[in-house]
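Report on the structure
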Amino acid sequence: LNEKGDPRVPNPSDHGNTPLHYAARYCTLKLAKMLYRAGAEPKQLNELGMNALGTACMFNAPEPRAKAHLHLVQWLIDNGADVNNPGLSPLHVAAWYGYTDVALTLVQRGATLWRRTEKRFTALMLAAMNNHTDSVKMLLQNGAEVVPRDVYDLSGTRKKVAKDVLDILHKAAGMNLPRKETKR
């Protein structure tokens, strides 16, 4: 940066990650702010379709740095990182890894609960498949649907999907959920 380098230039040998992706990965808010002032773009995606926020959601800092990590996530959102970026969303990543506080922040900041990955998984499904009970509970408490709204009742398809998802939730998270599908 001192030599007028461009902080938006991706690293071709590491999935196109930018310096801001690295600042997010290593939870360095001070560096992220410096890169932003120099022109780094929080919305910029790497080759995997992740912005710096998605990277921060993948590499959560353990205690005692967890609060600093959450501040970095909030700062990235405040400075333009898209909570619903195309590709793998930050909420999918946080749910997959079971970072409940980060996932809650994303939901509170507008992350779409019913959005699916390329393989058709919602954040709720990813959290359940990985036995992240706290994340599953938080997503349900914040309106995640066991059967996402894009599943329509075509000759019993909705009922089969509801049963499959409930089975995953019961098995993975040990949750006591109703077995009947609720009417809409």
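Throughout what follows, the structure given in this document is the object of discussion. (Residues numbered from 1 in each chain as written. Predicted model: local features only at pLDDT ≥ 70, side-chain atom pairs only at ≥ 80, totals over all residues. Heavy atoms only, no water.)

1. Structural notes on the pattern of salt bridges
On inspection of all chains with the given rule, the structure shows 1 salt bridge. Close ionic contact of aspartate 78 with arginine 109 constitutes a salt bridge, the shortest N to O distance being 2.1 Å. In this pair, aspartate 78 is assigned in helix H4 (residues 66-78) and arginine 109 in the loop between helix H6 (100-108) and helix H7 (123-129), connecting sequence segments 31 residues apart. On the basis of relative accessibility, which here comes to 35%, the residue arginine 109 falls in the partly exposed class. (Salt bridge = Lys/Arg side-chain N within 4 Å of Asp/Glu carboxyl O. Helix = DSSP H or I, 4+ residues; strand = E, 2+ residues; numbered from the N terminus. Buried < 20%, exposed > 50% of the residue type's maximum accessible area, 1.4 Å probe, protein only.)

2. Examining the packing of aromatic side chains
All told, the structure shown has 2 aromatic pairs when counted by the stated rule. Pairing tyrosine 36 with tryptophan 75 gives two aromatic rings, centres 5.5 Å apart and planes at 85 degrees, and the pair type is edge-to-face. Of this pair, tyrosine 36 sits in helix H2 (residues 29-37) while tryptophan 75 sits in helix H4, placing them 39 residues apart in sequence. For tyrosine 36, a relative accessible area of 34% puts it in the partly exposed group. Of the residues examined, tryptophan 75 reaches a relative accessible area of 12% and is grouped as buried. Ring geometry for tyrosine 97 and tyrosine 99: centres 5.9 Å apart, planes at 15 degrees, overall stacked. A cation over a ring is seen here: arginine 25 above phenylalanine 59, with NZ or CZ 4.2 Å from the ring centre. (Phe/Tyr/Trp six-rings, centres within 6.5 Å; stacked < 30°, edge-to-face > 60°. Lys NZ or Arg CZ within 6 Å of the ring centre and 35° of its normal.)

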